[in-house]
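Coordinates in review
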Amino acid sequence: PPALGLYTVNAVYGDTITMPCRLEVPDGLMFGKWKYEMPNGSPVFIAFRSSTKKNVQYDDVPDYKDRLSLSENYTLSIKNARISDEKRFVCMLVTEDDVSEEPTIVKVFKQPSQPEILHQADFLETEKLQMLGECVARDSYPEGNVTWYKNGRVLQPVEEVVVINLQKIANKSTGLFTMTSSLRYMPTKEDANAKFSCVVTYYGPSGQKTIQSEPVVFDVHYPTEKVTIQVLPQSSNIKEGDNITLKCSGNGNPPPQEFLFYIPGETEGIRSSDTYSMTDVRRNATGEYKCSLIDKSMMDSTTITVHYLDLQLTPSGEVTKQIGEALPVSCTISSSRNATVFWIKDNTRMQTSPSFSSLQYQDAGNYICATTLQEVEGLQKRKTLKLIVEGKPQIKMTKKTNTNKMSKTIVCHVEGFPKPAVQWTVTGSGSIINKAKETKYVNGKFSSKIVIAPEENVTLTCIAENQLERTVTSLNVSAISIPEYDEPEDRNDDNSEKVNDQAKLIVGIVVGLLLAALVAGVVYWLYVKKSKTASKHVDKDLGNIEENKKLEENNHKSET
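Throughout this document, residue positions are counted from 1 along each chain, in the order its sequence is written. For a predicted model such as this one, the threshold for reporting local features is a pLDDT of at least 70, and the threshold for listing and counting side-chain atom pairs is 80 or more; totals across whole chains, interfaces and linings nevertheless cover every residue. Where side-chain values are given, they derive from all heavy atoms of the structure, hydrogens and water being excluded.

Considerations on the environment of R184
Inspection of the secondary structure puts R184 in strand 16 (residues 177–185). A 1.4 Å probe rolled over the protein chains alone gives each residue an accessible area, and that area as a share of the maximum for its type sets the label: buried under 20%, exposed over 50%, partly exposed in between. For R184, a relative accessible area of 36% translates into the label partly exposed. Sequence separation between R184 and L132 is 52 residues; the distance between their C-alpha atoms is 5.6 Å. Only heavy atoms enter the contact rule, under which two residues are in contact if any of them lie within 4.5 Å. Leave out the neighbours within four places in its chain, and R184 touches L129, Q130, M131, L132, V161, V162 and V163. Helical segments are the DSSP runs of H or I of at least four residues, strand segments are the runs of E of at least two, and each set is numbered from the N terminus.

Right under this line is the structure:
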């Protein structure tokens, strides 16, 4: 029978190859045989089956020992397919007068292992062509191909940037191929998180297939292109006494670990890690700070202003002055920004700065000159002046008859600091009716008063004494039968002012009259020049003017 064309059986490595004898069984069949052809065409018989005796024989071929099975319909099975089974097998059916042959081609396929990226670089460096790794896919048949991918896109060879070298090696005993593809690569900064993978393309019984490796990400090293300096803590308001840390960073990978720090007043850079600390800074730390890489390349700078605030109070502390003395007070500030001064006296804010041309008792107290730098938190200064105003005791005594006409009140008005102690003595008959009563001591002043009912004239003495002096004043007091009243001081003051005003008025009138007389004289002189005959009359008139003047003056005096 005619051949049915070249028939191929595709087998998977390690599986069983099944080859039907593709001939119609003829009448008078004696036996069937299988053989394979050597590369030079000579046959090697491997299996025989008699159609009459039903017995099967396998030839002594080492390659196929214990692997063959020939069925009744002359289908040949080969266990545990190998690469060496890729041959042309021929089925032969023999009768007494004829031999029929039908060949079958066997193809064996082996899927490779999943590709792995081996000998991976520890890191990649930019601007440098280096071995990234090797993609290895093992035990393939037939040989496969390897393709590299970056972020899912095929890496095409580029001279001096992407260099791929593929090797395929067959195992002598199994005939399986191992594909090794090395990738030399020059990365950029953008490859820092790139996923590299490789894919093996191979042929299976049903056509072309692929297997992908696990992706790999590499640490990409690149040089620093920019250096940055910053001040920690990040505050624009640094003040004296603060601690500052300068931090320098470079944008390379790995980041630089050491830098040179340039401090105002230092000519050489100070080598340090990425930080440089300064504690308890002073105003002389104000200035430009820089940092650079160790090789002095690339630099950044920043300006630091250390705010300060000085306050000088003169005088300060505890100051003792005498009443009436002058005391110049000055509070001056020196600061890095405009600062305002305010004064506090005895916990109350003052409207103006204190200035003493003649000290009074009420000027005594605790003065604080304080200042703050508005924008700088926590920068404030204050100095204290404790002012003590001392004075010798001053006494003024007054008397008045009480409304019931039965007693008189005598008051001793005392001024002085420290507070004077007061004692009373009486000379003459008449007893002190009550103990002395004192008013509150305010601004260096107080008064002590007694009530008496003298039967005859008496003298009362008030003694006031403090650390500075002892002052004694006496006052005569008439018997109770004679009422007495002291004029209050204030009224006297008013009167004296009125007298002054009147005196000024008199002077004004006199000056006015003199001017009038002068004018009259000039007029008279002109008049005389015109008419000398009127001389007598004029003299008489002038006499009248003088008299009038005198009269007027006398009138004013009597008014006064």
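A few points about the sheet that holds strand 27 (residues 287–293)
In this analysis, strands are considered paired if DSSP registers two or more bridges between them. The strand order across the open sheet formed by four strands is 25-24-27-28, and the pairing between neighbours is antiparallel. Edge positions in the open sheet fall to strand 25 (270–272) and strand 28 (299–304), since each of these has one partner strand only. Within the sheet, the average angular offset between the axes of one strand and its neighbour, ignoring direction, is 25°. Across four bridges, strand 24 (residues 259–262) lies against strand 27 in antiparallel orientation. Note on method: axes are straight lines fitted to C-alpha atoms, helices fitted across the in-contact stretch only, with angles between N-to-C directions ranging 0 to 180 degrees.

Looking at the pairing of strand 36 (residues 380–401)
Pairing of strand 31 (residues 317–322) with strand 36 involves six bridges; the strand directions are parallel. Paired with Q322 across the two strands is E390, which belongs to strand 36. With eight bridges connecting them, strand 35 (residues 365–372) and strand 36 associate as antiparallel partners. For N366, the partnering residue across the bridge sits in strand 36 and is K386. Relative to strand 37 (residues 408–417), strand 36 runs antiparallel, the two being bridged by nine bridges. Across the sheet, the residue bridging to T401 is K408, located in strand 37.

Comments concerning the packing of aromatic side chains
Aromatic pairs are defined between Phe, Tyr and Trp rings, using the six-membered ring for Trp, whenever the two ring centres lie within 6.5 Å; interplanar angles under 30 degrees are classed as stacked, those over 60 as edge-to-face, and all others as tilted. Throughout the structure, instances matching the rule amount to 10 aromatic pairs. A ring pair is formed by Y36 and Y64, whose centres lie 5.8 Å apart and whose planes are at 55°; its orientation type is tilted. Within this pair, whereas Y36 is found in strand 3 (residues 31–37), its partner Y64 is found in the loop between strand 5 (56–58) and strand 6 (68–70), the two being separated by 28 residues in sequence. Taken individually, Y36 and Y64 each receive the classification buried, so the pair is uniform in this respect. Centroid distance F196 to F218: 5.8 Å. Interplanar angle 70°. Geometry classified as edge-to-face. Residue F196 is located in strand 17 (residues 195–204), and its partner F218 is located in the loop between strand 19 (216–217) and strand 20 (220–221); the two are separated by 22 residues in the primary sequence. One exposure class covers both F196 and F218, and it is buried. Clustering of aromatic rings is evident, with ring pairs tying together Y36, Y64 and F89. It is K87 that lies over the ring of Y36; its NZ or CZ is 4.6 Å from the centre. One Lys or Arg, K419, reaches over the ring of F446 and ends 4.8 Å from the middle of that ring. We call a charge positioned above a ring when the Lys NZ or Arg CZ atom is no farther than 6 Å from the ring centre and deviates by at most 35 degrees from the ring normal.

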